[in-house]
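Structural characterization, general
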Amino acid sequence: MRTLEKYVINGGAPLHGEVEISGAKNAAVAIIPAALLVDGVCRIENIPQISDTDMLLTILAELGAKVSFINRSTIEIDCSQARYQDAPYELMRKIRASYYLIGSMLGRFGSAKTTMPGGCNFGVRPIDQHIKGMTALGAEVDVRGGFVYADALGGRLHGARIYLDKVSVGATMNIMIAAVLASGRTIIENAAREPHIVDLANFLNSMGADVRGAGTDTIKVNGVDKLHGGTYTIIPDQIEAGTYMVAAAATGGEVLVKNVIPKHLECISAKLRETGTIVQEYEDSVLVKGASALRRVNIKTMPYPGFPTDMQPQMGALLCLARGTSVITEGIYDNRFKYVNELRKMGAEVQVDGRIAIIEGGHPLTGALVQACDLRAGAAMVIAGMVASGQTVVEDIHFIERGYENFVGKLQSLGADIEIVNFPEEPDGSEKILAIS
Ligand code: EPU
């Protein structure tokens, strides 16, 4: 009989202790495909062990890369024998970051064939700015039958000046990757400025690229003929850190979040302080102490250094506990409030109108059977489950495991009553519904 894994959470325990943050998912998922450009061995440290990175490493291996794990978080990738061939499209389809293979395959082979990217569903997520960038660099790009075909005219990309119509993390990084081995200079204007963009630039530069200005809205890439091997350490995950900070605040606990860059967390720390939560910054850690009563706040998500959309659902769960009306405005995606339906099952009072959610906080949450609609929505459900009375069961946890390394183990070490339980599937394929206390 098949089983389905779910999280079972008994709420009420405040989180206490220390938690170590892993490497940044959204840096790792760009750096792994970018390793295809390197003629030599890339040693990458602080790789998060999550399903998105596993899938990308499998895709690289299928393209002929030699991937070796040195230890839990350090890998060596040798792409010297990589060759242009069909990649495992079923895997590509599952992850958003497979779009970085367009840039890296174009840069390495002069041609790319990828699926249209998958990933979390927050409404329409076009890749027109990626295509605009590749086309400006001299590629002919065609989207048909669910695939993206790209070919560099003359076999090599050339530098270009590209103005992004939208501030896009993915398009900025993809164009950087493609431009590194192009002839001449590329200028990306209206570039995104997230910490993982700087991290990708630092990785590429440590392998011999010439990328300048990452972290500002104008990035210049002077093409080079070759990248060489080297060692690089990925930055800590801003969103994983923020999630534990919010979890500590929501449960009224006290948690030292370690191995972080506090500067990257400023937008999150500032909002938490507004709620009355105490946040103390140290050199590479932050201490979060929950308030006795949370205050309502308003939030608008924006590109970095604004408040990150990837922290919006977790803050949504927290604000259900703050007495009064909080307003969340989603500034990046059309449809990132699906999780609100799940919170309502727990007794939350939230109205959604398009990109705005109005939360009437202060109503007690009660345990329920809820879904992880996507990665961060799933994290929000776990936070809600940890403060709700009674038991919460979270389904579709594969979404959460795409982006949080050892989520359950880390929460357990902080005192949360959470475990992964295998629920049996009925012989007819339906799930057995277990009573939730
Ligand atoms: N957009 C376009 N055209 C494009 C690209 C983007 O219209 O060609 C729009 C998007 O629809 C969206 C906005 O521009 O409205 C910003 O999208 P962006 O390209 O910045 O997002 P992304 O590259 O698809 C990455 C992260 C997301 C994170 C966003 C914003 C990865 C693999 N994904 O997505 O991470 O929400 O940046 O910071 O890096 C997550 O980790 O939970 C996650 C969803």
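Nothing here was measured: the structure is a model prediction, and the numbers come from that model.

What follows deals with the environment of S206. With respect to the helices and strands, the residue S206 is situated in helix α7 (residues 195-206). Spatially, the C-alpha atoms of S206 and L227 are 9.0 Å apart, while their sequence positions differ by 21 residues. When near neighbours in sequence (up to four residues on either side) are disregarded, S206 contacts H228, T231 and Y232.

The next thing to look at is the state of the cysteines. By the definition in use, this model includes zero disulfides. Just so you know, C320 is unpaired, no disulfide at all, and the nearest cysteine sulfur is the one on C373, 14 Å from it. Given a relative accessible area of 2%, C320 falls into the buried group.

Our focus in this paragraph is the site of the ligand. Among the 25 residues in the neighbourhood of the ligand, the closest are listed as Y99, Q129, S168, D310 and I332. One nitrogen or oxygen atom from the side chain of N26 is found 3.2 Å from an oxygen atom belonging to the ligand. I332 places a main-chain nitrogen or oxygen 2.6 Å from an oxygen atom of the ligand. If the ligand stood free it would expose 820 Å²; the protein chains cover 93% of that surface. In a pocket analysis with a 2 Å cut-off to the grid points, the ligand is assigned to the largest pocket.

Okay, the layout of surface pockets next. In this structure, the largest pocket encloses a volume near 1100 Å³. If you trace the largest pocket, you find 43 residues lining it, with R125, V169, G170, I332 and Y333 closest to the centre. Secondary-structure elements contributing two or more residues to the lining of the largest pocket are α1 (25-34), α5 (128-136), α6 (169-179), α8 (238-251) and α12 (375-387). Taken together, the residues of the lining of the largest pocket break down into 20 nonpolar, ten polar and 13 charged. If you count residues domain by domain, the lining of the largest pocket takes at least three from each of domain 1 (3-21 + 236-424) and domain 2 (25-233).

What follows is about empty space enclosed by the protein. Regions of empty space are outlined by a rolling probe, equal in size to a water molecule, passed over the atoms. Tallied over the full model, the rule gives three cavities of 30 Å³ or more. Along its surface, the largest cavity is lined by A24, K25, N26, A27, P195, H196, I235, P236, D237, Q238, I239 and R376. Where the lining of the largest cavity is concerned, the elements lending two or more residues are α1, α7 and α8. Of the residues in the lining of the largest cavity, the class split is six nonpolar, three polar and three charged.

Right, let's talk about α6 for a bit. Within α6, ten of the eleven residues are buried, which leaves the element mostly enclosed by the surrounding structure. Among the residues of α6, G170, A171, T172, M173, N174, I175, M176, I177, A178 and A179 are the ones counted as buried. Capping the start of α6 is the job of one residue whose side-chain oxygen sits 3.4 Å from the backbone nitrogen of G170: S168.

Along its sequence, the chain is organised into domain 1 (3-21 + 236-424) and domain 2 (25-233). Each of domain 1 and domain 2 has a C-alpha centre, and these two points are 30 Å apart. At the junction of the two partners, domain 1 supplies 22 residues and domain 2 supplies 20 residues. Of the roughly 1900 Å² buried where domain 1 meets domain 2, counting both sides, 48% is carbon and sulfur surface. Contact with domain 2 buries area across many residues of domain 1, yet Y304, R402 and E405 alone supply 39% of it, more than any other trio. Counting the contacts that link domain 1 with domain 2 gives two salt bridges. Put simply, D52 and R402 hold a salt bridge, and the shortest N to O gap is 3.0 Å. Counting across the interface, domain 1 meets domain 2 through seven residue pairs in polar contact (both at pLDDT 80 or more).

The rules behind the values
- Residues numbered from 1 in each chain as written.
- Predicted model: local features only at pLDDT ≥ 70, side-chain atom pairs only at ≥ 80, totals over all residues.
- Heavy atoms only, no water.
- Helix = DSSP H or I, 4+ residues; strand = E, 2+ residues; numbered from the N terminus.
- Contact = heavy atoms within 4.5 Å.
- Disulfide = S-S within 2.5 Å.
- Buried < 20%, exposed > 50% of the residue type's maximum accessible area, 1.4 Å probe, protein only.
- Near = heavy atom within 4 Å.
- Polar contact = N/O pair within 3.5 Å; in protein donor to acceptor, adjacent residues only side chain to side chain.
- Areas by Shrake-Rupley, 256 points an atom, 1.4 Å probe, with all protein chains shown as cover.
- 1 Å grid on protein atoms, 1.4 Å probe; cavity = no way out; pocket = protein on both sides within 12 Å on 5 of 7 lines; lining within 4 Å.
- Sits in = over half its atoms within 2 Å of the grid points.
- Points joined across faces, edges and corners; volume = space filled by probe spheres on them.
- Nonpolar A, V, L, I, M, F, W, Y, C, P; charged D, E, K, R; others polar.
- Domains from an automatic or database assignment.
- Buried area = accessible area lost by both parts, 1.4 Å probe.
- Salt bridge = Lys/Arg side-chain N within 4 Å of Asp/Glu carboxyl O.

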